[in-house]
Amino acid sequence: MSNKPIPRSDRRSSKKPKFSGKKTIASSRPQRKEWQPPEETEDNDLIYGRHSVLAALESDRQLNRIWITNRLHYDPRFHNLIQGSKAKGAVIDEVSAQRLSQITNGANHQGVAAQVAPYNYYELDELMAQAKANSDEPVIVIADGIADPHNLGAIIRTAEALGCQGLVIPQRRAAGVTSTVSKVAAGALESFPVARVVNLSRALETLKAEGFWIYGTVSEGGKRLQDFNFRGAIGLVIGSEGSGLSLLTQRCCDELISIPLGGKTPSLNASVAAAINLYEIYRQRWSEKVYIQ
């Protein structure tokens, strides 16, 4: 009987596996979790930047926690306000700039951040009553589905700076007041009322019943902006970034406005369009005033 060589693939190793003799013992010590910044929601909001936090400190808005660098903590603009906020129950954490960058996910925090209570929205009736009490010719901005918080924050900043009396936003399919909105608004939110409504069309009808003339902004098809005489109580509706004003919203408007453009770009960013329209409204009113030196 001939001895045939065993194929290499059929050979079994006679070597036994080596054991080090050391047993692996699972550590019973719980792993320490790194603190994660709260997600940007309206229930657990984080604001940052000197203007935004300073405006929140100066207002009556409740601050739950403040993170601030040592250099800014004792700045005369912040120190007394922070001590007052601490007396109201806020937790004050003095941290490094690197730590603040972690907390704000690398945002431009400028040395300070704060966790604030959720924004307290106004009721529409309350907003209208306050607007009429503060001005004989109030202007209220209505945002029809603005989803980008940067656009919403920019609209709020412009509207407050020019002297508008408030903003109305829908509850669904639109940006609410978040930390990004607050940051872009640069403190304007602390003195600018925002109402949130379930049904925007019904809100527009309510405004009309209270004497507000509703102007809707459209990229084309409306009357030229400069052809209007903006007097009385005004509601200015700004459409969403992509589709503009909905057809239902357009039907609720008394007039449609278009900004004449001379270039090839067919439309403007929502916040830019809002700024141009609002400036024209107030430019007309300012030009009619007589200033006595």
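See the structure above.
Rules and cut-offs
Residues numbered from 1 in each chain as written. Predicted model: local features only at pLDDT ≥ 70, side-chain atom pairs only at ≥ 80, totals over all residues. Heavy atoms only, no water. Axes fitted to C-alpha atoms, helices over the stretch in contact; angles between N-to-C directions. Helix = DSSP H or I, 4+ residues; strand = E, 2+ residues; numbered from the N terminus. Left-handed = near helix turned anticlockwise from the far one by under 90°. Contact = heavy atoms within 4.5 Å. Nonpolar A, V, L, I, M, F, W, Y, C, P; charged D, E, K, R; others polar. Pairing = 2+ DSSP bridges. Disulfide = S-S within 2.5 Å. Core = buried A, V, L, I, M, F, W, Y, C linked by side-chain atoms within 4.5 Å. Buried < 20%, exposed > 50% of the residue type's maximum accessible area, 1.4 Å probe, protein only.

Participant: Break down the packing of helix α5 (residues 124-134) against helix α8 (residues 200-209) for me, citing the residues and quoting the values.
Facilitator: Their axes nearest at 11 Å, the elements α5 and α8 cross at an angle of 35°. Crossing geometry of α5 relative to α8 is assigned as right-handed. Along the contact surface, α5 presents L124, D125 and M128, while α8 presents A203, T206 and L207. Split into classes, the residues belonging to the contact of α5 with α8 amount to 4 nonpolar, 1 polar and 1 charged.

Participant: Please set out the sheet that holds strand β5 (residues 139-144) residue by residue, giving values where relevant.
Facilitator: Here we have 7 strands laid out as an open sheet, ordered β7-β6-β5-β10-β8-β11-β9, and parallel in their pairing. The open sheet has two free edges, formed respectively by β7 (194-197) and β9 (223-224), since each of these has just one partner strand. Sheet topology note: the β5/strand β6 (residues 166-170) ladder contains 3 bridges and is parallel. Pairing of I140 across the sheet is with G166, part of β6. The strands that α5 touches are β5, β6 and β7; relative to β6, the one it contacts most, it runs at about 160°. α8 rests against β5, β6, β7, β8 (213-217) and β10 (234-239) of the sheet, and its axis sits at about 165° to β5.

Participant: Which residues make up the environment of I68, and what are the values?
Facilitator: Residue placement: I68 occurs in strand β2 (residues 63-68). Each C-alpha atom of the pair I68 and F78 lies 9.7 Å from the other, and the pair is 10 residues apart in sequence. Setting aside its immediate chain neighbours within four residues, I68 contacts H73, F78, I82, I92, D93, E94, V95, G111 and V112.

Participant: Describe the state of the cysteines, with residues and values.
Facilitator: Evaluation of the coordinates by the stated rule reveals 0 disulfides. Lacking any disulfide linkage, C252 is separated from the closest cysteine sulfur, that of C253, by 7.0 Å.

Participant: Any chance you could break down the nonpolar core for me, citing the residues and the numbers?
Facilitator: Formed by 37 residues in total, the largest nonpolar core has its most connected members in L152, I156, L167, V194 and L278. At the level of secondary structure, the elements contributing two or more residues to this core comprise β5, α6 (149-162), β6, α7 (179-185), β10 and α10 (270-287). By residue number, the principal contributor to this core is α10, which donates 6 residues. Other than its neighbours up to four places away in sequence, L167 contacts L127, I140, V141, I142, A143, L152, I156, F192, P193, V194 and A195.

Participant: Provide a residue-level description of the sheet that holds strand β4 (residues 112-116), including the pertinent values.
Facilitator: Pairing in this open sheet of 4 strands is mixed, and the strands run β1-β4-β2-β3 from one edge to the other. Looking along the sheet, the strands with just one partner apiece sit at the ends: β1 (45-48) and β3 (91-94). Geometrically, the sheet is characterised by an average inter-axis angle of 15° between neighbouring strands, direction not taken into account. Against the sheet, helix α1 (residues 50-58) contacts β1, β2 and β4, and its axis sits at roughly 115° relative to β1.

Participant: If you had to explain the side chain of T69 to someone new, which residues and values would you point to?
Facilitator: Along the chain, the position of T69 falls in the loop between β2 and α2 (70-73). Apart from residues no more than four positions distant in its own chain, T69 is found in contact with E94, V95, S96, A97, L100 and G111.

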